[in-house]
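# Reading the structure
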Amino acid sequence: MRSFWERNPVSVSAIGDAPGTPEYFVTYDRMREQKESVRFSAWLHEYDRFAGRSVLDVGCGNGYVLAHYARLGARVTGIDITRAGIDISRQRFELSGLRGDFVVGSAEDLPFPDATFDCVCSMGVLHHIPRTQRAIDEIHRVTRQGGRLIVMFYHRNSARFRFAMRRVSAATGKPVAQLVNEVDGAANPLGVAYTGEELRAMLSSFRQVETFAGQLQGWHLLPRGGRWIPRFVLDALAPRLGWLLYARGYR
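In this report, the structure presented in the accompanying data block is examined.

Thresholds, definitions, all that
Residues numbered from 1 in each chain as written. Predicted model: local features only at pLDDT ≥ 70, side-chain atom pairs only at ≥ 80, totals over all residues. Heavy atoms only, no water. Buried < 20%, exposed > 50% of the residue type's maximum accessible area, 1.4 Å probe, protein only. Helix = DSSP H or I, 4+ residues; strand = E, 2+ residues; numbered from the N terminus. Arc of directions from axis to C-beta. Contact = heavy atoms within 4.5 Å. Phe/Tyr/Trp six-rings, centres within 6.5 Å; stacked < 30°, edge-to-face > 60°. Expected span 1.5 Å × (residues − 1).

## Some remarks on helix H12 (residues 231-241)
Taken together, the buried positions of H12 are Leu234, Ala238 and Leu241. Viewed end-on, H12 has its buried residues packed into an arc of 100°, placing them on one side of the element. Projecting away from the buried face of H12 at angles above 90 degrees are the exposed residues Phe232, Ala236 and Arg240. Buried residues along H12 sit in contact with helix H8 (159-172), strand S7 (207-214) and helix H11 (218-221).

## As for the packing of aromatic side chains
Within this structure, the stated rule accounts for 14 aromatic pairs. Each ring, one from Tyr24 and one from Tyr28, has its centre 6.4 Å from the other, and the planes form 25°; the classification is stacked. With a gap of four residues between them, Tyr24 and Tyr28 both fall in helix H3 (residues 22-35), about one helical turn apart. The buried category is assigned to Tyr24, whose relative accessible area is 0%.

## Side note on H3
With 14 residues, H3 extends 21 Å from end C-alpha to end C-alpha; this agrees with the ideal 20 Å at 1.5 Å per step. Listing the buried residues of H3 in full gives Tyr24, Phe25, Thr27, Tyr28, Asp29 and Arg32. Where H3 is buried, its residues contact helix H2 (12-15), helix H5 (64-71) and helix H6 (83-96).

Spelled out as structure tokens, the structure:
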């Protein structure tokens, strides 16, 4: 897993620009915000709630989420299993004149004392690691009492998993589990999709956990003609059929 992500930092293959350059960050941010609007990101992460407080991003990627927290005054820390991810995140912060701490390390063994952070987030990371429950337990350990949890996983009950991937599986002979692995690259060794019930069970040590889905595309529903489905229809169906499964809760 580490070897794959060292060779394939987040979205590098889709962007083309050298990772860590200003052009790379501009292109990545534009791509991300086409799928996850700035308004939705602000609502999901509650950036303005954590000014002067401590935030950890587990699997910080290229520092996108942490930069938003830092701009609004949070004390931020990013951990990533790869040196590439940490280097790119530091470059984003340097280019933006932001301050943050970055550590190479594993989500399954977080190198922080108990009850260190007021908010811990992990977006699209924990479904790629072998011992997801152990990582969740570690996040619980380093979150302060009353602290915030914000995570995102792949959604097993999504239209992409239930319809699109099964169509591709029937056409290619590839198991759906392999197609989930390949969402982030053909050589990606692990990716797992979860139902809301499964995710809430894994997060049972947290309080007031809410789960909801997002990001539904027309092609997830229909092999042909999906582009003609109105956006308002997709937005209405996304909380149930979206590919991304979000959860928020409290320690």
